[in-house]
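Structural characterization, general
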Protein chains: 6
Amino acid sequence: MRFDEAYSGKVFIASQPTHEDAKGVLYGMPMDWTVSFRPGSRFGPARVREVSLGLEEYSPYLDGDIADAKLFDAGDIPLPFGNAQKSLDMIEEYVDSLLTAGKFPLGMGGEHLVTWPVVKAFDKHYDDFVVLHFDAHTDLRDEYEGEPLSHSTPLKKIANLIGPENCYSFGIRSGMKEEFEWAKTSGYNLFKYEIVEPLKAVLPKLAGKKVYVTIDIDVLDPSAAPGTGTQEIGGVTTKELLEVVHMISRADVDVIGADLVEVCPAYDQSDMTAIAAAKVLREMMIGFIK
Amino acid sequence: MRFDEAYSGKVFIASQPTHEDAKGVLYGMPMDWTVSFRPGSRFGPARVREVSLGLEEYSPYLDGDIADAKLFDAGDIPLPFGNAQKSLDMIEEYVDSLLTAGKFPLGMGGEHLVTWPVVKAFDKHYDDFVVLHFDAHTDLRDEYEGEPLSHSTPLKKIANLIGPENCYSFGIRSGMKEEFEWAKTSGYNLFKYEIVEPLKAVLPKLAGKKVYVTIDIDVLDPSAAPGTGTQEIGGVTTKELLEVVHMISRADVDVIGADLVEVCPAYDQSDMTAIAAAKVLREMMIGFIK
Amino acid sequence: MRFDEAYSGKVFIASQPTHEDAKGVLYGMPMDWTVSFRPGSRFGPARVREVSLGLEEYSPYLDGDIADAKLFDAGDIPLPFGNAQKSLDMIEEYVDSLLTAGKFPLGMGGEHLVTWPVVKAFDKHYDDFVVLHFDAHTDLRDEYEGEPLSHSTPLKKIANLIGPENCYSFGIRSGMKEEFEWAKTSGYNLFKYEIVEPLKAVLPKLAGKKVYVTIDIDVLDPSAAPGTGTQEIGGVTTKELLEVVHMISRADVDVIGADLVEVCPAYDQSDMTAIAAAKVLREMMIGFIK
Amino acid sequence: MRFDEAYSGKVFIASQPTHEDAKGVLYGMPMDWTVSFRPGSRFGPARVREVSLGLEEYSPYLDGDIADAKLFDAGDIPLPFGNAQKSLDMIEEYVDSLLTAGKFPLGMGGEHLVTWPVVKAFDKHYDDFVVLHFDAHTDLRDEYEGEPLSHSTPLKKIANLIGPENCYSFGIRSGMKEEFEWAKTSGYNLFKYEIVEPLKAVLPKLAGKKVYVTIDIDVLDPSAAPGTGTQEIGGVTTKELLEVVHMISRADVDVIGADLVEVCPAYDQSDMTAIAAAKVLREMMIGFIK
Amino acid sequence: MRFDEAYSGKVFIASQPTHEDAKGVLYGMPMDWTVSFRPGSRFGPARVREVSLGLEEYSPYLDGDIADAKLFDAGDIPLPFGNAQKSLDMIEEYVDSLLTAGKFPLGMGGEHLVTWPVVKAFDKHYDDFVVLHFDAHTDLRDEYEGEPLSHSTPLKKIANLIGPENCYSFGIRSGMKEEFEWAKTSGYNLFKYEIVEPLKAVLPKLAGKKVYVTIDIDVLDPSAAPGTGTQEIGGVTTKELLEVVHMISRADVDVIGADLVEVCPAYDQSDMTAIAAAKVLREMMIGFIK
Amino acid sequence: MRFDEAYSGKVFIASQPTHEDAKGVLYGMPMDWTVSFRPGSRFGPARVREVSLGLEEYSPYLDGDIADAKLFDAGDIPLPFGNAQKSLDMIEEYVDSLLTAGKFPLGMGGEHLVTWPVVKAFDKHYDDFVVLHFDAHTDLRDEYEGEPLSHSTPLKKIANLIGPENCYSFGIRSGMKEEFEWAKTSGYNLFKYEIVEPLKAVLPKLAGKKVYVTIDIDVLDPSAAPGTGTQEIGGVTTKELLEVVHMISRADVDVIGADLVEVCPAYDQSDMTAIAAAKVLREMMIGFIK
């Protein structure tokens, strides 16, 4: 006999009792070993689950309920501390298994490098898809101080795999000059500062496409998401981020997977960031998993 | 001999020395026993008084001064811990006595359930008035897990007392599907997400009316009010909340009473939420008490 | 497929996979509705589980391992917010079921009133047992401001049930004059300020007895346990509290159940209190469950 | 009509309604303008009052009650920001008026420099008295970087006024070499590191004497009092500080006044320091005011 | 041999190794002794340097790099605690020396009074310049409770020196009635609440002018800058403040010096305010120093 | 021209201006990439420098001054994020260079793994020395989840290099059963729980020996050092840790180098841990560098 796990914040509210029943699977990737500034996002997934207790299960925005997504919270992948390569391998293997089982993978970071093995797994299962990336940072480096496995590199790796023309970054406001220039010359779709207007322009062009969505919580202004490793002022509001999730939900695209990363609870005494992440994830569950 | 109480944060700045001199009376309702997520709003009124010390007494928005409101800070009603029914009875009785004495009651919560006995007291003194409600949450449940005395229910109780057509809720972005549907079918006036534009549309229709104003601080975005029990992202800015108070102050309505609730200091290391509440209360004092 | 729940802090480390395998059962009682000062202990059990991740499973003090206790973490009992009587009934019923199933109940509060229904359940199953109580506060009131269901009353209720001569309180340093006087005249065993020396004197007298152990984390000095509702300076160290658990573990007594209460995470940015509670619970598991 | 001010933390619990009824008067000196490291003790008195709400009025240590002290909380003296000289003048004048009225002055800082004008006022009313000083710091400088009005100087000024042989400092663990050497050669009584044993030795020699007691909260170890401007590790426990207050209370001396200073709430998220100060003040009220 | 100081947050990132190489000089003015509400901005400059480590050196907004500004971080001027007049003298003398050496002075407060001696130094070197002032507060008092050296007075002193018609204040939302009225009648240019639109209107009129820019971080909404002495809700976003810096950078004006003041780290557990300040300073370096 | 760096917390107080003048060199090792629980000790050295500003330069315990140690603060070694092997190599190389130059190396962590390359460097320069290790944790694993470069392993590596009989661990209260057993059988000197008494017994046996001292701040009780990755209750007081440093300083041993590690500022809002570390380092400077 075990009490309802959602009650004590053990799993995301409204989680299905078993993996078998699920359409979507929520999983944590508690890794932060390549972070250059403030570490701690390894504790992000657990805190997001804990504060999900304060949410309603119903979304007035989408007039839907988490229950409709038949989501199963699988917990955190037990990644080995400090070993980046092995962590990435485990993530790729797990997401591969979810796709084989026909589940919708919804990931929680951890640092943004985790999105790289996730997309690699998708690339094995899908011939053609685009990545929609919401972030304050370009993440387009080839390496960080000589290290190719760095949280500054995932979008570059992804662009190299699926083609820069299939990558769309929104809200970008920080990076090296070289990264912005590479985006310009390579055909990579990079939209600075804003997320709503650029997405509005892009979505019609993606009609009928399969899309993977990755959200770095630092795309939000630090006022709305202080609990993250590298705050960048001049960011977007939670209203705008919610609108983006709703626009994608209603667009003529086929969302095949998604993640939300870089929640770092130690820098947020009020849990504002984890609460924001939990609600954005609720909207992603209701809007993306069909 | 006692020093100026405002100096050490004992009473709201510019409080009158005695109840007799006052046009308006500020009183605290330090109750949070029916809160479902994060408790602690019982400490809200005391912290709001403490930080009021940092405010100017003059409002450039309204070109007025707290002194004009002749406000007396009566302190907190000594509510019995954990006993909801008795607490509500004490609040009702006290507000009744204020109205009998011809004072303008300006309440500070505590949880939102406190507004229910306040409105009951007004209902004894006024035949006809409307309630303007600013909140992230519907608060329209009949009960919460079997309990009719819950912080999720006050507006439903009020609607049942004065009629749903006399209730106007603004900024609502969280609730159960059933609550939104009941609002739609009952004639209750519910405006989602925004507060300024809907109020602009509503105010002309209320010309000449008596209005009671109740503000849940969580109508603000968590970025502006992290210190509250149940944060809901996608909220309004303090600029918008100030504008709403100013619009009501200048409208052709007769404000007969007001409250501001749900400040919970433990989740806000910077006191941002209490400072916001103190300034909004200052504007309510200057704009509403005539 | 679900990952190891201990990894993401969902259950206490080293929890057994099922209730059936367990000798001991850890359960949470997330209730704080009768607290007079700072509420929030409803979040205690979840935070204790989360930080248990940082502990070793082996105790060098007792040269034993959590695995030996075959502990199952059952989660939190889903108590109804604000309804004290119903919450107490649910706790009593659950502990009754554990005792019927032959499990060792190890509870986590929540406020101290939860110990009352726990002891009521034990009283149905055991003819004769004593209660060892470690606390800063007497908790010997009959009521608090007219309310008999209060966190200031559990030991009085227990004394009335099993006889004051079967109650032993240690570390007491706060209470009303009347409570201290009642203890003196009634035969209740109350030891002020200290825990190690008085227990050393008492334990031999309890040889062969059945004992229930209840620890209020505020018996610790606030320097070691700031995250609790009502701090009382002049408390004991964690070394002393560990020693007490070890003394009982090695004594000629039969521990039949235990609890640890009043961890309130919101007032402890460093999680020091939850970490202390987790380690004391580990020692209780290894030392008490045989 | 005003509610019980103690309820909302406006005045220290159990304060008398008027100055006239009082034997003792509690007053705040919210000054921190000469502090060299971390400022903010100006907010100490208000926070101490607020958390006094969590205390019992009865002391099991002294078997007495605050009510016996007939204490009146006069609030904070409205000191002018940044103007040290004028602030000191106001303090001296106020304490002078209290002594003239036959009241026992119990002060709360603010920085330690405030004790200087207090002792000057006592010096006008009493021919012969000693000062018992509990602190981590010598406070025996003549000036700090050229400034004679500094929080590093009060005990030197006092020694110059009443004679170094009438000053007793306990718990001292930080200062300049010159300060320690001056103490040695001047006849000043300085006891390093410890407070209980040295006081035990000193008290019999003071039989029949009038004594003023000044406690800097930083005499406590930072683990027990993090919320202070200049923490110094290696300090005493709250048990030891309570014992010191109790020893003085029971000694054959006539306590004529006292203060407790340097509580700085901004550096203590748990309010541990203010709660410690409130309880030590309770014991001083019960033990010192006769 | 000393390691790169920027690495451990000792100096602002990308600081030149020596004063000689520099076009611009960054210097701290760690003074907060005349602050009326929450002190602590003396620690602002050190924290801003520390968090600058998390910034990129490249600005996508201005397509420029800190390296272009050839900035030297000179550290903090060693101001004497509590001595306002001497502190102001030291600041004036230092800025005077920078101007004589042909460097661009970029100051960090500390409280806003520090801008007064800075402008006095500029007044010796320049016949004709205007001051652009971004702030929540008027800072136009003649004195504060009798004290002419107060953080509420700097703009009044500046207006008296260079003429009110050469002062432009933006974003103002708090002050005494008398201050607003003096601005109106004296020819002082005061723009309430907003910063972008008023500046857009003003900049063309300043074509060819020399301008000094002073930014009080509290011009930002408290949601974006909680770590400041006196928060005022209804403020501007970081997007708007960045836009203002960019507008001035691109305008036909000659920026001759600038400062950013009132960062108070103790009230901001997430370092959001210091991070905002660091990034705004980066944009000022890149945009203003030519 | 640069201002005194100690003033703004850029270097440890009383640092010599150049490496050449120094007898001792303070250096930071900002690495935390192999930490299993709470990361963030990479920010430890910078925060320790910052708070050193609040210390006196004189020690009444040792009657000495930092100036006597002629200490130069070299800053932090620029370690590559996430690359453990390269970080360790850089540390070893740097310490090697210090020893070659005849300086006393005084290191600041960072995680405890940094002590491994430091001791390797000493092993090249000294034939025979012992390591005195103060810690809550054994740190005697061969690997952590398959990873040999882990913060759980440094003392095992050191024991393998210099012989277990030359290693002395004090205060140990957490580890795996296997670690305690290996210590017992291998001749490793491991003292559980306490530090003062065991050291008192050990020191005479080390007469005339060269010793390296490594202090993990978590040897302190969490009440005195909450800001560390893995708190373990039942720890020692700061009085005891100071006494240990003083005992070594006065003993007939030749201290050849030392470090203090695992300060993690994000979990300590009051900076208590960094302040403790700074003062212990001051005593180490004065007592160890001769």
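Residues numbered from 1 in each chain as written. Chains lettered and ligands numbered in written order. Predicted model: local features only at pLDDT ≥ 70, side-chain atom pairs only at ≥ 80, totals over all residues. Heavy atoms only, no water.

1. Description of the environment of leucine 206 of chain D
Residues and elements named next belong to chain D.
- Following the sequence through the fold, leucine 206 ends up in the loop between helix 7 (196-202) and strand 9 (210-216).
- Judged by its relative accessible area of 1%, leucine 206 falls in the buried class.
- For leucine 206 and aspartate 252, which are 46 residues apart along the polypeptide, the C-alpha to C-alpha distance reads 7.7 Å.
- Not counting the four nearest positions on each side in its chain, leucine 206 is found in contact with Val130, Leu132, Tyr168, Val211, Asp252 and Val253. (Helix = DSSP H or I, 4+ residues; strand = E, 2+ residues; numbered from the N terminus. Buried < 20%, exposed > 50% of the residue type's maximum accessible area, 1.4 Å probe, protein only. Contact = heavy atoms within 4.5 Å.)

2. Some points on the side chain of serine 249 of chain E
- Following the sequence through the fold, serine 249 of chain E ends up in helix 8 (residues 238-250).
- Apart from residues no more than four positions distant in its own chain, serine 249 of chain E is found in contact with Leu62, Gly287, Phe288 and Lys290 of chain E.

3. Some thoughts on the relation of the copies chain C and chain F
- Overlay of chain C on chain F (RMSD 0.0 Å): rotation 120°, translation along the axis 0.0 Å. Look at the turn and shift together and you get a three-fold axis relating the two. Identified as the residue of chain C closest to the rotation axis by C-alpha distance is serine 223 of chain C, at 3.0 Å.
- When you check the interface residues of chain C against chain F, a mere 10% turn up at the interface there too, and the two sides of the contact use different surfaces. (Least-squares fit on C-alpha atoms with pLDDT ≥ 70 in both.)

4. What about the interface of chain C and chain F?
- Taken together, the contact pairs 21 residues of chain C with 27 residues of chain F.
- Summing both partners gives a buried area of about 2100 Å² for chain C against chain F, and 55% of it is carried by carbon and sulfur.
- On inspection of chain C and its partner chain F, the count reaches 4 salt bridges.
- With its nearest N and O atoms 2.9 Å apart, the salt bridge here joins lysine 239 of chain C to glutamate 194 of chain F.
- At the junction of chain C and chain F, the tally comes to 13 residue pairs in polar contact (both at pLDDT 80 or more).
- In terms of residue count, helix 9 (residues 272-288) of chain C provides more of the side of chain C that touches chain F than any other element does, 5 residues in total.
- For the side of chain C that touches chain F, the class distribution of residues is 11 nonpolar, 5 polar and 5 charged. (Buried area = accessible area lost by both parts, 1.4 Å probe. Salt bridge = Lys/Arg side-chain N within 4 Å of Asp/Glu carboxyl O. Polar contact = N/O pair within 3.5 Å; in protein donor to acceptor, adjacent residues only side chain to side chain. Nonpolar A, V, L, I, M, F, W, Y, C, P; charged D, E, K, R; others polar.)

5. Some words on the side chain of aspartate 216 of chain C
All names here are of chain C.
- Note that aspartate 216 resides in strand 9 (residues 210-216).
- There is no salt bridge for the buried aspartate 216, and the closest opposite charge comes from arginine 173, which lies 8.4 Å off by N-O distance.
- Aspartate 216 has contacts with His112, Phe134, Asp135, Val261 and Glu262, leaving out every residue within four places of it along the chain. (Lys, Arg positive; Asp, Glu negative; His and termini not counted.)

6. Overview of the sheet that holds strand 7 (residues 167-172) of chain F
Residue and element names in this part refer to chain F.
- Taken in spatial order, the 8 strands line up as 4-1-5-10-9-6-7-8 in an open sheet, and their pairing is parallel. The outermost strands of the open sheet, each flanked by one partner alone, are strand 4 (71-76) and strand 8 (189-192). With direction set aside, neighbouring strand axes in the sheet form an average angle of 15°.
- Looking at chain direction, strand 6 (residues 130-134) and strand 9 (residues 210-216) are connected through 5 bridges and run parallel. Each residue of the ladder has a partner; that of leucine 132, found in strand 9, is valine 213.
- In the packing of helix 9 (residues 272-288) onto the sheet, contacts are made with strand 1 (24-29), strand 4, strand 5 (104-109), strand 9 and strand 10 (254-261), and the angle to strand 10 comes to roughly 170°. (Pairing = 2+ DSSP bridges. Axes fitted to C-alpha atoms, helices over the stretch in contact; angles between N-to-C directions.)

7. Some details on the UniProt feature "binding site: Mn(2+)" (unreviewed entry) in chain A
All names here are of chain A.
- The positions that UniProt labels "binding site: Mn(2+)" (unreviewed entry) are, in the present scheme, His112, Asp135, His137, Asp139, Asp216 and Asp218. Despite a sequence span of 107 residues, these residues sit close together in the fold, their greatest C-alpha distance being 12.2 Å.
- Here histidine 112 lies in the loop between strand 5 (104-109) and helix 4 (115-125).
- Position of aspartate 135 among the secondary structure elements: in the loop between strand 6 (130-134) and helix 5 (154-162).
- Judged by its relative accessible area of 0%, aspartate 135 is buried.
- Other than its neighbours up to four places away in sequence, aspartate 135 contacts His112, Phe170, Gly171, Ile172, Asp216, Asp218 and Val219.
- Side chain to side chain, aspartate 135 and histidine 112 meet in a polar contact 3.2 Å long. (UniProt positions renumbered as here; feature names shortened; annotations may be inferred.)

8. Let's talk about the packing of helix 1 (residues 44-52) of chain D against helix 9 (residues 272-288) of chain D
Residues and elements named next belong to chain D.
- At a minimum axis separation of 8 Å, helix 1 and helix 9 run at an interaxial angle of 75°. By the angle between their directions, the pair helix 1 and helix 9 is classed as roughly perpendicular. From helix 1, Arg47, Val48, Val51 and Ser52 reach across to helix 9, where they touch Ala274, Ile275, Ala277, Ala278 and Leu281.
- Its residues assigned to classes, the contact of helix 1 with helix 9 comprises 7 nonpolar, 1 polar and 1 charged. (Parallel < 35°, antiparallel > 145°, perpendicular 65-115°, else oblique.)

9. Brief notes about the packing of aromatic side chains
- According to the stated counting rule, one finds 65 aromatic pairs over all chains in the structure shown.
- Taking the centre distance of 4.4 Å and the plane angle of 5° together, the rings of tyrosine 61 of chain C and tyrosine 193 of chain F count as stacked. Placement of the pair is tyrosine 61 of chain C in the loop between strand 2 (58-59) and strand 3 (64-65) and tyrosine 193 of chain F in the loop between strand 8 and helix 7 (196-202), with the two residues belonging to separate chains.
- Since its relative accessible area comes to 15%, tyrosine 61 of chain C is described here as buried.
- Relative to phenylalanine 170 of chain E, the ring of phenylalanine 134 of chain E lies with its centre 5.0 Å away and its plane at 15°, an arrangement referred to as stacked. Of this pair, phenylalanine 134 of chain E sits in strand 6 (residues 130-134) while phenylalanine 170 of chain E sits in strand 7 (residues 167-172); the two residues are 36 residues apart in sequence, bridging distant segments of the chain. When sorted by exposure, phenylalanine 134 of chain E lands in the same class as phenylalanine 170 of chain E, which is buried.
- Taken together through their ring pairs, the aromatic side chains of Phe122, Tyr126, Phe129 and Tyr212 of chain A make up a single cluster.
- Looking at lysine 156 of chain A, its charged tip hangs above the ring of tryptophan 182 of chain A, at a distance of 4.5 Å from the centre.
- Lying over the aromatic face of tyrosine 267 of chain F, arginine 38 of chain F brings its terminal NZ or CZ to 3.8 Å of the ring centre. (Phe/Tyr/Trp six-rings, centres within 6.5 Å; stacked < 30°, edge-to-face > 60°. Lys NZ or Arg CZ within 6 Å of the ring centre and 35° of its normal.)

10. So, the pattern of salt bridges
- Under the criterion given, the structure shown has 114 salt bridges over all chains.
- Measuring nitrogen to oxygen at the nearest pair gives 2.4 Å for the salt bridge that ties lysine 279 of chain C to glutamate 232 of chain F. You can see lysine 279 of chain C sitting in helix 9 and its partner glutamate 232 of chain F sitting in the loop between strand 9 and helix 8 (238-250), one on each of two chains.
- Using a relative accessible area of 1% as the deciding quantity, one classes lysine 279 of chain C as buried.
- Judged by its relative accessible area of 2%, glutamate 232 of chain F is buried.

11. Some thoughts on the nonpolar core
- The biggest cluster of nonpolar side chains holds 131 residues, and the ones touching the most others in it are Leu132 and Phe134 of chain C together with Leu132 and Phe134 of chain E.
- Setting aside its immediate chain neighbours within four residues, phenylalanine 134 of chain E contacts Phe170, Ile195, Leu199, Val213, Thr214, Ile215, Asp216, Val219, Val244 and Ile248 of chain E.
- Of all hydrophobic cores here, the second largest spans 130 residues; its members include Leu106 of chain A, Cys264 of chain B together with Ala276 and Ile286 of chain D. (Core = buried A, V, L, I, M, F, W, Y, C linked by side-chain atoms within 4.5 Å.)

12. Structural notes on unusual backbone geometry
- A cis geometry characterises the amide bond from glycine 109 of chain C onward to glycine 110 of chain C, with omega recorded as 10°.
- Structurally, the position occupied by glycine 110 of chain C is in the loop between strand 5 (104-109) and helix 4 (115-125).
- Positive phi outside glycine occurs at alanine 14 of chain F, with the angle close to 70°.
- Take alanine 14 of chain F: it is sitting in the segment before strand 1.
- A positive phi angle is found at lysine 70 of chain F, which is not glycine, with a value near 45°.

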